[in-house]
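Structural overview for review
Residues per chain are reported as follows:
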Amino acid sequence: MTNKIKPISFVPRFFGAFGQFIKYMASGNYAARCQAISEGKQFAFEVEPTVITKEVEVIREVEVAAPILDTVNADGAHQLLQLLQQEARFIDFIQESIDDYSDADVGAASRQIHAGCSKVLKQHFTIDAVSTSVVNTAVENSRVEVPSGYDAKQIKLEGKVEGDGPYAGTLIHPGWKVTETRLPKVTNTESLTILAPAEVEV
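This structure is a prediction, so every number in the text was calculated from the model and none was measured. (Residues numbered from 1 in each chain as written. Predicted model: local features only at pLDDT ≥ 70, side-chain atom pairs only at ≥ 80, totals over all residues. Heavy atoms only, no water.)

Focus: unusual backbone geometry
Non-glycine residue arginine 89 carries a positive phi angle of around 50 degrees. As for its placement among the helices and strands, arginine 89 is situated in the loop between α3 (75-88) and α4 (90-95). In this model, asparagine 141 sits at a positive phi of 70 degrees, which is unusual for a non-glycine residue. Here asparagine 141 shows up in the loop between β1 (125-129) and β2 (143-146). What makes asparagine 141 exposed here is its relative accessible area of 63%. (Helix = DSSP H or I, 4+ residues; strand = E, 2+ residues; numbered from the N terminus. Buried < 20%, exposed > 50% of the residue type's maximum accessible area, 1.4 Å probe, protein only.)

Thoughts on the packing of aromatic side chains
We describe a pair of aromatic rings using the distance from one ring centre to the other and the angle between the two ring planes. Tallied over the full model, the rule gives 1 aromatic pair. Residues tyrosine 150 and tyrosine 167 carry aromatic rings whose centres are separated by 6.1 Å and whose planes lie at 85 degrees to one another, so their mutual orientation is edge-to-face. Separated by 17 residues along the polypeptide, tyrosine 150 in the loop between β2 and β3 (167-170) and tyrosine 167 in strand β3 bring together distant segments of the chain. In this pair, the class of tyrosine 150 matches that of tyrosine 167, namely buried. (Phe/Tyr/Trp six-rings, centres within 6.5 Å; stacked < 30°, edge-to-face > 60°.)

Considerations on the nonpolar core
Counting residues in hydrophobic clusters, the biggest one holds 10 residues: Val134, Val135, Val144, Val146, Tyr150, Ile155, Leu157, Val161, Tyr167 and Leu171. With residues up to four places along the chain from it excluded, the contact list for isoleucine 155 reads Thr132, Val134, Val146 and Tyr150. The next biggest cluster of nonpolar side chains, apart from the first, holds 6 residues, and it includes Leu83, Leu84, Ala88 and Val120. (Core = buried A, V, L, I, M, F, W, Y, C linked by side-chain atoms within 4.5 Å. Contact = heavy atoms within 4.5 Å.)

A few points about α3
With 14 residues, α3 extends 20 Å from end C-alpha to end C-alpha; this agrees with the ideal 20 Å at 1.5 Å per step. Those residues of α3 that fall on the buried side of the exposure criterion are Gln79, Gln82, Leu83, Leu84, Gln85 and Ala88. Turning to α3, the residues buried within the fold contact α4 and α5 (103-124). Of the residues flanking the end of α3, it is arginine 89, one or two places downstream, whose phi is positive at about 50 degrees. (Expected span 1.5 Å × (residues − 1).)

Some thoughts on α5
The first and last C-alpha atoms of α5 sit 31 Å apart over 22 residues, in line with the 32 Å expected at 1.5 Å per residue. Of all the residues in α5, the buried ones are Val106, Ile113, Gly116, Cys117, Val120 and His124. Summarising the axial view, the buried residues of α5 lie within an arc of 100 degrees, below the 170-degree limit, and thus occupy one face. Every exposed residue of α5 that faces more than 90 degrees away from the buried side is listed here: Ala104, Arg111, Gln112, His114 and Lys122. Those residues of α5 that are buried are in contact with α3, α4, β1 and β4 (176-181). (Arc of directions from axis to C-beta.)

Focus on the pattern of salt bridges
Enumeration over the complete set of coordinates arrives at 4 salt bridges. The partner of aspartate 92 in a salt bridge is arginine 89, and the shortest N-O contact between them spans 2.7 Å. Note on aspartate 92: relative accessible area 31%, which makes it partly exposed. What makes arginine 89 partly exposed here is its relative accessible area of 49%. (Salt bridge = Lys/Arg side-chain N within 4 Å of Asp/Glu carboxyl O.)

Interpretation note: all reported values are geometric properties and have no functional meaning in isolation.
What follows is the structure, given as structure tokens:
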């Protein structure tokens, strides 16, 4: 402890007793404090701190690790970027800074890009909501119950997850999954890295 009470010698005690007597008689609160000390009660800094231990329930957060691939086939990704560039000029829009454009200009360009991207997705992919017994007929913001043996790849639990389930919560998003892919067949994959050729007008 850093604080300690130092003993007072006789002479200061002798003269101090008169002042303490007057304070004792004048203040009931001071007298009560003196009475507590005379009964052996300790100051706060003299009392050893009490260590309190308490068992608490562990709350775990479920995190699904991303799949680790031994090899990556980039041809499909390059082909998709080519299609988005052809139909929506997607790469041009992303690569260009929009800081100097007004919201109205960005909105007008986004409308065209949205239409082009939507066309590519509808032509080359079939995308449906994640179909599980949990979200099959549920709508967003409705209450659903997730069973204890749920598929963590199809359902992501948000917030603090306690115990092993089942879990009750609010459906924030029904999820998306690809049910069919119809990318064009290509024979020369070397050209797939050229997302858009340089254009020169002569």
